[in-house]
Amino acid sequence: MEGLDKLRIDIDQCDKEIVSLIEKRFDIVSKIMETKKQMGLPVYHPGREEEVIKKVIKEVKDPRYQEVVKSIYRQILDTSKTYQSKNLFPYNVVLIGFMGAGKSIVGRCLSQSLGMDIFDIDDLIKIRLNSSIAKIFENHGEDYFRNIERETIAEISKQKNAVISCGGGAVLINSNVNNLKENGKVFWLKAQPETIFQRIKDDDSRPLLRDKMNLSHITALLSERWAKYKSVADYTIETDTYSVEEICDNIIKLLVTS
Ligand SMILES: Nc1ncnc2c1ncn2[C@@H]1O[C@H](COP(=O)(O)OP(=O)(O)OP(=O)(O)O)[C@@H](O)[C@H]1O
Ligand SMILES: O=C(O)C1=C[C@@H](O)[C@@H](O)[C@H](O)C1
Ligand SMILES: [Mg+2]
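Remember, predicted model here, so these are calculated numbers, not experimental data. (Residues numbered from 1 in each chain as written. Chains lettered and ligands numbered in written order. Predicted model: local features only at pLDDT ≥ 70, side-chain atom pairs only at ≥ 80, totals over all residues. Heavy atoms only, no water.)

A rise of 1.5 Å per residue sets the reference length of helix α3 (residues 66–88), with its 23 residues, at 33 Å; its end C-alpha atoms lie 32 Å apart and thus fit the reference within 8%. Within α3, the full set of buried residues consists of I76, L77, S80, K81, Q84, S85 and L88. Buried positions along α3 lie against α1 (2–39), α2 (48–59) and α4 (103–114). (Helix = DSSP H or I, 4+ residues; strand = E, 2+ residues; numbered from the N terminus. Expected span 1.5 Å × (residues − 1). Buried < 20%, exposed > 50% of the residue type's maximum accessible area, 1.4 Å probe, protein only. Contact = heavy atoms within 4.5 Å.)

Structure follows, in structure tokens:
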């Protein structure tokens, strides 16, 4: 028992040193963040995380602890991203645009790159009603869906440092726009009808395109909504010829320089 007490004292001492080093590391992160902000340099450096992990792994003397150190460092780096994002982007990043524009997939990429929480409004509605969007439309009609969507957006818009991926029709309702803009910068993921058709033609989960999955219907619906997306957007993001990662990087560049 005495031996155990001694080991616990050693652990407590170790923890003190670790906490002090964590504070020291985050002080340096804060300084780097401030300097980069002042110099207008990009804050996120793709590849930097892997570089850090490789370097620290080299420092591990006992191979048994390589995985331990790796996993702790992944956590430190993730927490560091979240810490920086909270400071740099004290608002929501709101993605709007037509079905298939990439709001969900780009939202997930942004959340991962910036260490920010992601709220996909369609996904939240599915979870809340334990049903697919298609079934909600089928069983209760579009107005019912729009009401739930309105409530969900009102709730999620209270966040202050999150990525919010909207459904394609969310910004057609003014109260949604007002709520989303209250704490958010709005990015319109713009895509031409041909691109949208190619991306979603084999997916029948979108009720407004069910039985009408053709280029002329997409073109007509998109042109009805085009002016709305354009007027609501703080930024327009081209997506037709870009990969998800490129779109994500373009948005981050705008966030950092705006
Ligand atoms: N830039 C892109 N390059 C290639 N494929 C893409 C791109 N953006 C989206 N996609 C693909 O298009 C499909 C639709 O994307 P996603 O579900 O993100 O669209 P969405 O805007 O969220 O649509 P909805 O309004 O219906 O929710 C997915 O299969 C996705 O992988
Ligand atoms: O464009 C729309 O109106 C919609 C898009 C999807 O994201 C879903 O929100 C739903 O299918 C309606
Ligand atoms: Mg989506």
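Let's shift gears to the UniProt feature "binding site: ATP" (unreviewed entry) in the chain. UniProt records the feature "binding site: ATP" (unreviewed entry) at G100, A101, G102, K103, S104, I105 and R206, using the numbering of this structure. When you line up the elements, G102 lands in the loop between β1 (92–96) and α4. Aside from chain neighbours lying at most four places away, what touches G102 is G107, L189 and R199. Mapped onto the elements of the fold, I105 is located in helix α4. For I105, a relative accessible area of 44% translates into the label partly exposed. (UniProt positions renumbered as here; feature names shortened; annotations may be inferred.)

With that settled, consider the layout of surface pockets. Taken as a whole, the second largest pocket encloses approximately 730 Å³ of empty space. For the second largest pocket, the lining is made up of 19 residues, of which I18, L21, I72, Y73 and I76 are closest to its centre. (1 Å grid on protein atoms, 1.4 Å probe; cavity = no way out; pocket = protein on both sides within 12 Å on 5 of 7 lines; lining within 4 Å. Points joined across faces, edges and corners; volume = space filled by probe spheres on them.)

Further remarks concern the site of ligand 2. Within the structure, ligand 2 sits among M99, D122, I133, F145, R146, G167, G168, G169, P207, L208 and R225. Within the side chain of R146, a nitrogen or oxygen atom sits 2.7 Å from an oxygen atom of ligand 2. Within the backbone of G169, an N or O atom sits 3.3 Å from an oxygen atom of ligand 2. Compared with its free state, where it exposes 310 Å², ligand 2 has 96% of that area covered by protein. (Near = heavy atom within 4 Å. Polar contact = N/O pair within 3.5 Å; in protein donor to acceptor, adjacent residues only side chain to side chain. Areas by Shrake-Rupley, 256 points an atom, 1.4 Å probe, with all protein chains shown as cover.)

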